[in-house]
Amino acid sequence: MKKLLMLLVCGMLWSGVLNAQQAQYMVFEFIKVEKDQLFDYIEFKDLMEKVYRQALNDKRIKGWDFWSLQNGADEGDFQYIMVTTYDDPVKMMNGLDDSAMMKYTKIAYPHLTEGQVATLFEQSLSIRDMPMRLYMKEIVSTDDNFQFRPGALASFDLMKAVEGKFEAYEKAETEVFRPIHQKRIEQGLMGHWSFLRTALPQGSEAKSTHLTMNMYKDYMQFFNAQAYEDLTQTAEQRKAVNEGLNSRDQKWVYLATLENVVR
């Protein structure tokens, strides 16, 4: 009996370790570039793809995506969203400092001198502004095999839990909305969905507390999903959906197209 109990305890501990290892942490950087410098920045993001691939090979990151915004809060606020994925919160907070970026750039572009690499980064910093950066932890996601490829479409929905309904909102996303998105994926109307919570403490004046990512392989799948109406929902299910909607405020929805990806 004691041996069986010990096996059960070890199993629970191992399951906890696996869950911790599978947790994903993401940094969302909303980037603004002046219109007369957009071409220069397009060249820079292609260079960054090669640099972040070196960081992936070195296991500093789990992935990197570069998204071009189609719409958002204000067309003049941002043009791009850069998402870097980590498997550890400490790695996320440390990020990639200048020395690491220089190191990976030298590996990716061995023909460049140290002075040329430094000049390249100085130029990039002068043409971009990052007025908003979000540190997030993934809470739950759908079961799928979505492939992050250039041309994929996503909506990044910034949410703020209603005061006093933080736990109710997270429960709604996990128990009500996740099954809905999972069903859409199984019907070919969606590619991937995930729900994230801010990883840093925030006060009551924070603009958002959560974020959902809705992924589609292309515009055709996206528009088919918008036109779809689930006529099989019961009155009880509709009530649960409405209660979930009332537990949060949808602040902004950013529609974006994937341009560069490292996986």
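Structure's up top.
This is a predicted model, so every value here is computed, not measured.

*Asks:* Please clarify how the overall build of the protein chain should be interpreted in this entry.
*Replies:* Scanning the protein chain from terminus to terminus reveals 8 helices and 8 strands. Each of the 263 residues in the protein chain was classed as buried or not, and the buried ones make up 42%. The long-range fraction of contacts in the protein chain, counting pairs at least 24 apart against all pairs at least 6 apart in sequence, stands at 82%. Counting only carbon and sulfur atoms, one obtains 53% of the accessible surface of the protein chain, whose full area is about 15100 Å².

*Asks:* Hey, could you run me through the pairing of strand E6 (residues 192-198) in this one?
*Replies:* A regular strand places its side chains so that they alternate between the two faces of the sheet. With respect to burial, E6 is a largely interior element, 6 of its 7 residues being buried. Of the pairings in the sheet, the one linking E6 to strand E7 (residues 210-216) comprises 6 bridges and is antiparallel in character. Residue pairing across strands places leucine 196 opposite leucine 211, the latter belonging to E7.

*Asks:* Looking at this structure, I do not really get helix H2 (residues 38-57). What am I missing?
*Replies:* In this model H2 runs 29 Å from its N-terminal to its C-terminal C-alpha over 20 residues, within 8% of the 28 Å that 1.5 Å per residue would give. Considered for burial, the residues of H2 that qualify are Tyr41, Phe44, Lys45, Leu47, Met48, Val51, Tyr52, Ala55 and Leu56. Phi for lysine 59, located one or two positions after H2, is positive at around 60 degrees.

*Asks:* Would you take a moment to explain the nonpolar core for this structure?
*Replies:* Inside soluble globular proteins, nonpolar side chains tend to come together where they are buried. Judged by nonpolar contacts, the single largest core of 31 residues is most densely connected at Tyr41, Met48, Tyr52 and Trp64. Of all the elements in the fold, those that place two or more residues in this core are strand E1 (25-33), H2, strand E2 (63-71), strand E3 (80-86), helix H4 (98-108) and helix H5 (114-127). Ranked by residues supplied to this core, first place goes to H2 with 8 residues. With sequence-adjacent residues up to four places away left out, methionine 48 is seen in contact with Trp64, Met101 and Phe121. By size, the runner-up hydrophobic cluster in this structure holds 25 residues, among which are Met26, Met132, Leu134 and Leu211.

*Asks:* Any chance you could explain the environment of tryptophan 193 here in plain terms?
*Replies:* Assignment of secondary structure puts tryptophan 193 in strand E6. Residues tryptophan 193 and valine 140, spaced 53 residues apart in sequence, show a C-alpha to C-alpha distance of 8.7 Å. In contact with tryptophan 193, other than residues within four places in its own chain, are Val140, Ser141, Thr142, Asp144, Glu173, Arg178, His181, Ile185, Thr212, Met213 and Asn214.

*Asks:* What should I look at first to understand the packing of aromatic side chains in this one?
*Replies:* For any pair of aromatic rings, the description consists of the separation of the ring centres together with the inter-plane angle of the planes. Tallying each qualifying case throughout the model produces 15 aromatic pairs. Among the aromatic residues, those joined into a cluster by ring pairs are Tyr52, Trp64, Phe66 and Tyr80. Stacked on the ring of phenylalanine 148, the Lys or Arg arginine 263 has its end atom at 4.3 Å from the ring centre.

*Asks:* Help me out: how do you make sense of a negative patch on the surface in this one?
*Replies:* Where like charges cluster on the molecular surface, the negative patch consists of Glu34, Asp36, Asp40, Glu43 and Asp129. Tracing the backbone shows aspartate 129 in strand E4 (residues 128-141).

*Asks:* Just checking my understanding: could you explain the pattern of salt bridges for this structure?
*Replies:* It is possible for side chains of opposite charge to pair when their charged atoms get near one another. If you walk through the whole model with that rule in mind, you get 11 salt bridges. Where glutamate 259 meets lysine 45, a salt bridge forms, and the shortest distance between an N and an O atom there is 3.1 Å. Of the two residues, glutamate 259 is situated in strand E8 (residues 248-262) and lysine 45 in helix H2; the sequence distance between them amounts to 214 residues. Residue glutamate 170 is joined to arginine 197 by a salt bridge in which the shortest nitrogen-to-oxygen separation is 2.7 Å. Highlighted residues: glutamate 170 in helix H6 (residues 166-186) and arginine 197 in strand E6, separated in sequence by 27 residues. Judged by its relative accessible area of 13%, glutamate 170 is buried.

Rules and cut-offs
Residues numbered from 1 in each chain as written. Predicted model: local features only at pLDDT ≥ 70, side-chain atom pairs only at ≥ 80, totals over all residues. Heavy atoms only, no water. Helix = DSSP H or I, 4+ residues; strand = E, 2+ residues; numbered from the N terminus. Buried < 20%, exposed > 50% of the residue type's maximum accessible area, 1.4 Å probe, protein only. Contact = heavy atoms within 4.5 Å. Areas by Shrake-Rupley, 256 points an atom, 1.4 Å probe, with all protein chains shown as cover. Pairing = 2+ DSSP bridges. Expected span 1.5 Å × (residues − 1). Core = buried A, V, L, I, M, F, W, Y, C linked by side-chain atoms within 4.5 Å. Phe/Tyr/Trp six-rings, centres within 6.5 Å; stacked < 30°, edge-to-face > 60°. Lys NZ or Arg CZ within 6 Å of the ring centre and 35° of its normal. Patch = residues over 30% accessible without salt bridge, like charges linked within 9 Å, V, L, I, M, F, W, Y side chains within 5 Å. Salt bridge = Lys/Arg side-chain N within 4 Å of Asp/Glu carboxyl O. Lys, Arg positive; Asp, Glu negative; His and termini not counted. Charge placed at Lys NZ, Arg CZ, Asp CG, Glu CD.

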